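Fold and geometry: a report
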Amino acid sequence: MARQERAVRTRCAVIRAAAEVFAERGYAAATIAEILDRAGVTKGALYFHFDSKEALARGVIEAQITGSGHVPRELKLQEWVDVGMVLAYRIPRDVVLLAGIRLSADLHSRRLFGSAWPAWIELSTTYLGLAKDRGEVLPHVVPTETAECFLGAWLGTQMFSEATSNWSDLSQRVSVLFNHILPAIATPAALIRLDTAPDRGARVVKEAQGLRQAENAPEHAEV
């Protein structure tokens, strides 16, 4: 177990170091040497987890999808909204997300390591499909089409926020985006119950952290 825990910590350190370098320099200018220096691990330890710079980039991209602060809800449509609002909250605060955004947008290198876009489309499609099965989404809605449309709008919103405020207003802008998209796809009964407030992401992250702490708390023996 100790060896396994060390391996997990090493992988996380390498991912974070790679994310920092990719976010600062871009993929082409990033070097394994600098990533090693940032991570504070040996070359052998790094190559145990990632056999190339391309594999490192894929690792950073895949890490975007995890740790989203998911909390189950009665409405699957609210869970989908929460994913977007949590992402908007985390982007200015999480170097892995920042790096993943820049890697996914790298037109010259993306053919080497792909992008996070297909995974985000798949995740949105899943939530929207479940929401439709539960009667939360209007009958005419095609989950995959809506997921792709939303991703395009999301990317534009994120880029505009970066350009105008260095992402400081991203939560507000994504809240506006949901408020324009949801009336076109949600049933009236579901729509009035959805929380799309700009601080939604921050609240969900805090709630998820509280749940994790409760799950990890040691059990107290009864006296």
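Quick summary incoming for the structure in this document. Just so it is clear, the model here is predicted, and its values are computed rather than measured.

The rules we used
- Residues numbered from 1 in each chain as written.
- Predicted model: local features only at pLDDT ≥ 70, side-chain atom pairs only at ≥ 80, totals over all residues.
- Heavy atoms only, no water.
- Phe/Tyr/Trp six-rings, centres within 6.5 Å; stacked < 30°, edge-to-face > 60°.
- Lys NZ or Arg CZ within 6 Å of the ring centre and 35° of its normal.
- Axes fitted to C-alpha atoms, helices over the stretch in contact; angles between N-to-C directions.
- Helix = DSSP H or I, 4+ residues; strand = E, 2+ residues; numbered from the N terminus.
- Parallel < 35°, antiparallel > 145°, perpendicular 65-115°, else oblique.
- Contact = heavy atoms within 4.5 Å.
- Nonpolar A, V, L, I, M, F, W, Y, C, P; charged D, E, K, R; others polar.
- Core = buried A, V, L, I, M, F, W, Y, C linked by side-chain atoms within 4.5 Å.
- Buried < 20%, exposed > 50% of the residue type's maximum accessible area, 1.4 Å probe, protein only.
- Left-handed = near helix turned anticlockwise from the far one by under 90°.

**Observations regarding the packing of aromatic side chains**
Tallied over the entire structure, the rule returns 5 aromatic pairs. Here a set of aromatic residues connected by ring pairs shows up, and it is made of Phe-22, Tyr-27 and Phe-113. For Lys-53, the ring lying beneath its charged end belongs to Tyr-27, and the centroid distance is 4.4 Å.

**A look at the packing of helix H5 (residues 76-90) against helix H8 (residues 117-133)**
The contact between H5 and H8 brings their axes to 7 Å, and the two run at 155°. Viewed along their axes, H5 and H8 adopt a mutual orientation that is roughly antiparallel. Each of Lys-76, Leu-77, Glu-79, Trp-80, Val-83 and Leu-87 in H5 lies in contact with H8, whose residues at this interface are Trp-120, Leu-123, Ser-124, Tyr-127, Leu-128, Leu-130 and Ala-131. Partitioning the contact of H5 with H8 into residue classes produces 10 nonpolar, 1 polar and 2 charged.

**What to know about the nonpolar core**
Proteins that are soluble and globular tend to have nonpolar side chains buried together. One finds Phe-22, Leu-56, Val-60, Leu-77, Trp-80, Ile-91 and Trp-154 to be the most contacted residues of the largest nonpolar core, which totals 62 residues. Those elements giving two or more residues to this core turn out to be helix H1 (2-29), helix H2 (32-39), helix H4 (53-63), H5, helix H6 (95-104), H8, helix H9 (143-165) and helix H10 (170-185). In contact with Leu-56, other than residues within four places in its own chain, are Val-14, Ala-18, Phe-22, Ile-32, Ile-35, Leu-46 and Phe-50. Counting residues in each nonpolar core, the second largest holds 5 residues, with Val-71, Val-86, Val-204 and Ala-208 among its members.

**A closer look at the environment of Gln-209**
Mapped onto the elements, Gln-209 comes out in helix H12 (residues 200-216). C-alpha of Gln-209 to C-alpha of Val-71: the two residues are 138 residues apart in sequence and 9.9 Å apart in space.

**What to know about unusual backbone geometry**
Phi is positive for Asn-166, which is not a glycine, with a value near 55°. Among the secondary structure elements, Asn-166 is positioned in the loop between H9 and H10. Positive phi values are uncommon outside glycine, yet Trp-167 reaches one of about 70°. Residue placement: Trp-167 occurs in the loop between H9 and H10.

**Some thoughts on the packing of H5 against H10**
In contact at an axis separation of 9 Å, H5 and H10 are set at 160° when each is read in the N-to-C sense. Considered as vectors, H5 and H10 are oriented roughly antiparallel to each other. In the crossing of H5 with H10, the sense of the turn from one axis to the other is right-handed. Seen from H5, the contacting residues are Leu-77, Trp-80, Val-81, Gly-84, Met-85, Ala-88 and Tyr-89; seen from H10, they are Leu-170, Ser-171, Val-174, Ser-175, Phe-178, Ile-181, Leu-182 and Ile-185.

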